[in-house]
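Coordinates in review
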Amino acid sequence: MPSHLSADRPAPQPSERDAVDALINRTRRLRGDVDAVRRDAVLIDEEDSQMRWQRALCELAVHHLDDLGAQLGQLRECLAPETSKQPTGTSTQDAAEETFDEPRPDSLIGRVGSAEWNLLTDEVTWSEELFQIFGRSPDAGPLSLDDLFSMLLPEDQPLLTALVTDCLVDGKPIDGEFRILRADSRMRTLHMMGEPVLDANGCTASMWAVLRDVSELRRSQQVVRTTHDSVQRRQHMARTEHRMAVELQEAVLPPWRGSLRLPSLGEGTLDIAAHYLPSESSSLIGGDWYDALELPGGRTVLTVGDLTGHGIQATSAMAMLLGALRGMAVAGIEPGALMGHLNQLLESSVQPALGSAVCCRFDPATSTLAWSQAGHPAPLLFRNGEGRPLTPPDGVLLGAASGVAYEQDEVHLLPGDVLVLHTNGLNRHSDRVASPDALLALAPHFTQARTAQECVRMVVTEFGGTERLDDACVLIARIGA
């Protein structure tokens, strides 16, 4: 006997994809059953109007189920594959059938009506449902073919004229759609299927038809087409923006790959390497940057930064800031004053944004690093197998306030020191706030590294395989003798 606790345990629910698969299978089975009834209806007495009505309903049901199957197939393609396993002993189909109710067998009745126009007696017979579709009282009587044409929109009248003519003259079946304007000013779209009824001499005696109100169906299909086109346009725009952002980022970031030695001549050379790590949770490129630039007089500027946002707007703003930073650094502006100018530039830009940055200037003659930061993680200094963040001078985010001053600090570096600059995105998926602890834990490995490029590889190995919430940059400089 099962435990009494099982009564409180919810029944296993199928995944969305499995549920749609079950619906597709049920639609196919139902379509096969209806098709079998339709084939049997072909053998019935052609003079029996009730049987003709049954066959017409079967035709409509087949068309409707074909549409339903196609739409469910499109829905299935939109759903991601499910990786979870079904409970043992429970099939996807069984689970779906437990969850979903059977379709109502009378769901089409209120939207389908029949009519017959007798060409010999001019008698017209309408079903009660057809009066409802046309918004016409049964007391007013059914419409003749001539009166029926008057209810159609002018642009649809030629179509129905051709359908009726082909049916009455050439004996062709009717299968077409047209729109009517009812007395209550409501427009409806009708799907008409019919065929001629022949007398004993093979002449057309009457025309019977089944009319289905497909207004809501066509409206839904139009919404589907419109939304599908809109999604395609957005996807195309997203792909184009992503490509442009990537191209702009590649054009702006330093072209060097591997290690870079600055200054190229003289003592106190810096061995520099950097890497960009894209976000795993966003398809758009962010505004992260890194750069190393040799200045007049043998000094070197090192910088990393990050702007809020993603896409072409963020990368274009990044290009603007990085270009300004390079120009001011070459002009000899100190890192603290340089940050103030960048803040003013970002604040006055056409598309305001917030950003963080750190700018370092290394003088090989004195082994002194002058640096400033704007709301950015401090550089990490690794020496003798240990690492620590530098004490940051005051500095707010770029673009956050007007007329603020950015302090500047200096630190003396020794041969063999390793300096790590990184952006906020260099963290693991579980870390909501960027923390230097994981980087500082690499201190023993940095001691064994012979080049800055080896240090970068260690960082990429540590963080490259994790799912980050944002893209990131890391720049490592190793102080030479």
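In the block above lies the structure referred to throughout.
These lines cover the structure that appears in this document, whether it is placed above or below. Note on numbering: residues in each chain are counted from 1, in written sequence order. Per-residue local features are limited, in this predicted model, to residues with pLDDT of at least 70; the limit for side-chain atom pairs, both in listing and counting, is 80 or more; totals at the level of whole chains, interfaces and linings are taken over all residues. Heavy atoms from the whole structure form the basis of all side-chain values; hydrogens and water molecules are not counted.

Some details on the overall build of the protein chain
- Helix and strand counts for the protein chain come out as 12 helices and 16 strands.
- Here the term buried applies to any residue with accessible area under 20% of the maximum for its type, exposed to any over 50%, and partly exposed to those in between, with areas from a 1.4 Å probe on protein chains only. Here the protein chain, with 481 residues, has 41% of them falling under the buried criterion.
- At a minimum sequence separation of 6, the contacts of the protein chain that also span at least 24 residues come to 65%.
- Summing over all exposed atoms, the protein chain offers an accessible surface of approximately 25,300 Å²; the carbon and sulfur share of this is 53%. Numbering of helices and strands runs from the N terminus, with a helix taken as a DSSP run of H or I at least four residues long and a strand as a DSSP run of E at least two residues long. Should any heavy atoms of two residues lie within 4.5 Å, those residues are counted as being in contact. Residue exposure ignores everything except the shown protein chains as possible cover, and the areas themselves are Shrake-Rupley values with a 1.4 Å probe.

So, a negative patch on the surface
- Together, Asp394, Glu407, Asp409 and Glu410 make up a negatively charged patch on the protein surface.
- By the element assignment, Glu410 lies in strand S14 (residues 409-412).
- Owing to a relative accessible area of 55%, Glu410 belongs among the exposed residues under this scheme. What goes into a patch is any residue over 30% in relative accessible area without a salt bridge, connected to like charges within 9 Å or, for nonpolar side chains (Val, Leu, Ile, Met, Phe, Trp, Tyr), within 5 Å. A pair is scored as a salt bridge if a Lys or Arg side-chain nitrogen falls within 4 Å of a carboxyl oxygen belonging to Asp or Glu. As used throughout, the charge tally considers Lys and Arg to be positive and Asp and Glu to be negative, leaving His and the chain termini uncounted. Where a charge lies is defined by one atom per residue type, namely NZ (Lys), CZ (Arg), CG (Asp) and CD (Glu).

Some words on the state of the cysteines
- Cysteine sulfur pairs qualify as disulfides if the two atoms are within 2.5 Å. Applying the stated criterion across every chain, the model contains zero disulfides.
- Left unpaired, Cys360 is separated from the closest cysteine sulfur, that of Cys359, by 6.7 Å.

Concerning the packing of aromatic side chains
- Stacked, edge-to-face and tilted are the three classes for Phe, Tyr and Trp ring pairs, Trp counted by its six-membered ring, which pair at centre distances within 6.5 Å; planes under 30 degrees apart are stacked, over 60 edge-to-face, the rest tilted. The full count for this structure, using the stated rule, is three aromatic pairs.
- With centroids separated by 4.9 Å and ring planes inclined at 40 degrees, the aromatic side chains of Trp126 and Phe134 adopt a geometry described as tilted. Take Trp126 and Phe134: they sit in the same class, and that class is buried.
- The interplanar angle of 80 degrees and the centroid separation of 4.8 Å between the aromatic rings of Phe382 and Phe446 together place this pair among those described as edge-to-face. Remark: Phe446 occurs in helix H11 (residues 443-448) and Phe382 occurs in strand S12 (residues 380-383); sequence separation between them is 64 residues. The two residues Phe382 and Phe446 agree in class, both being buried.
- Members of the aromatic cluster, connected to one another through ring pairs, are Trp126, Phe131 and Phe134.

Quick notes on the nonpolar core
- The set of buried Ala, Val, Leu, Ile, Met, Phe, Trp, Tyr and Cys residues whose side-chain atoms join them within 4.5 Å is what this entry labels a nonpolar core. Ile272, Leu302, Leu398 and Leu475 are the most contacted members of the largest nonpolar core, which totals 50 residues.
- Among the elements that take part in this core, helix H8 (residues 312-330) stands out by supplying seven residues, more than any other.
- When near neighbours in sequence (up to four residues on either side) are disregarded, Leu302 contacts Leu270, Ile272, Asp291, Ala292, Val358, Cys359, Cys360, Leu419, Leu421, Leu475 and Ala477.
- In this structure, Trp117, Cys167, Met192 and Leu211 belong to the second largest nonpolar core, which totals 26 residues.

Concerning the packing of H8 against helix H9 (residues 335-347)
- Axis separation between H8 and H9 bottoms out at 10 Å; the angle between their running directions is 150 degrees. The two elements H8 and H9 cross, and the hand of that crossing is right-handed. Residues Met320, Leu321, Ala324, Leu325, Met328 and Ala329 of H8 form the contact with H9, whose own contacting residues are Leu338, His341, Leu342, Leu345 and Leu346.
- Each residue belonging to the contact of H8 with H9 can be placed in one class, and the counts come to 10 nonpolar, one polar and no charged. Throughout, an axis means a line fitted to C-alpha atoms (over the contacting stretch in the case of helices), and angles, computed between N-to-C directions, take values from 0 to 180 degrees. Take the far helix as the reference: if the near one is turned anticlockwise from it by less than a right angle, the crossing is left-handed, and if turned clockwise, right-handed. Gly counts as polar in this scheme, as do all residues outside two lists: the nonpolar Ala, Val, Leu, Ile, Met, Phe, Trp, Tyr, Cys and Pro, and the charged Asp, Glu, Lys and Arg.

Notes on the pairing of strand S16 (residues 472-479)
- In terms of residue burial, S16 counts as a mostly covered element, since seven of its eight residues are buried.
- Strand direction decides the pairing type here: strand S7 (residues 270-277) and S16, joined by eight bridges, are antiparallel. Its bridge partner being in S16, Tyr276 is matched across the sheet by Cys473.
- Alignment of strand S15 (residues 418-422) against S16, held across five bridges, turns out to be antiparallel. Across the sheet, the residue bridging to His422 is Val474, located in S16. Only strands joined by at least two bridges in the DSSP assignment are considered to pair.

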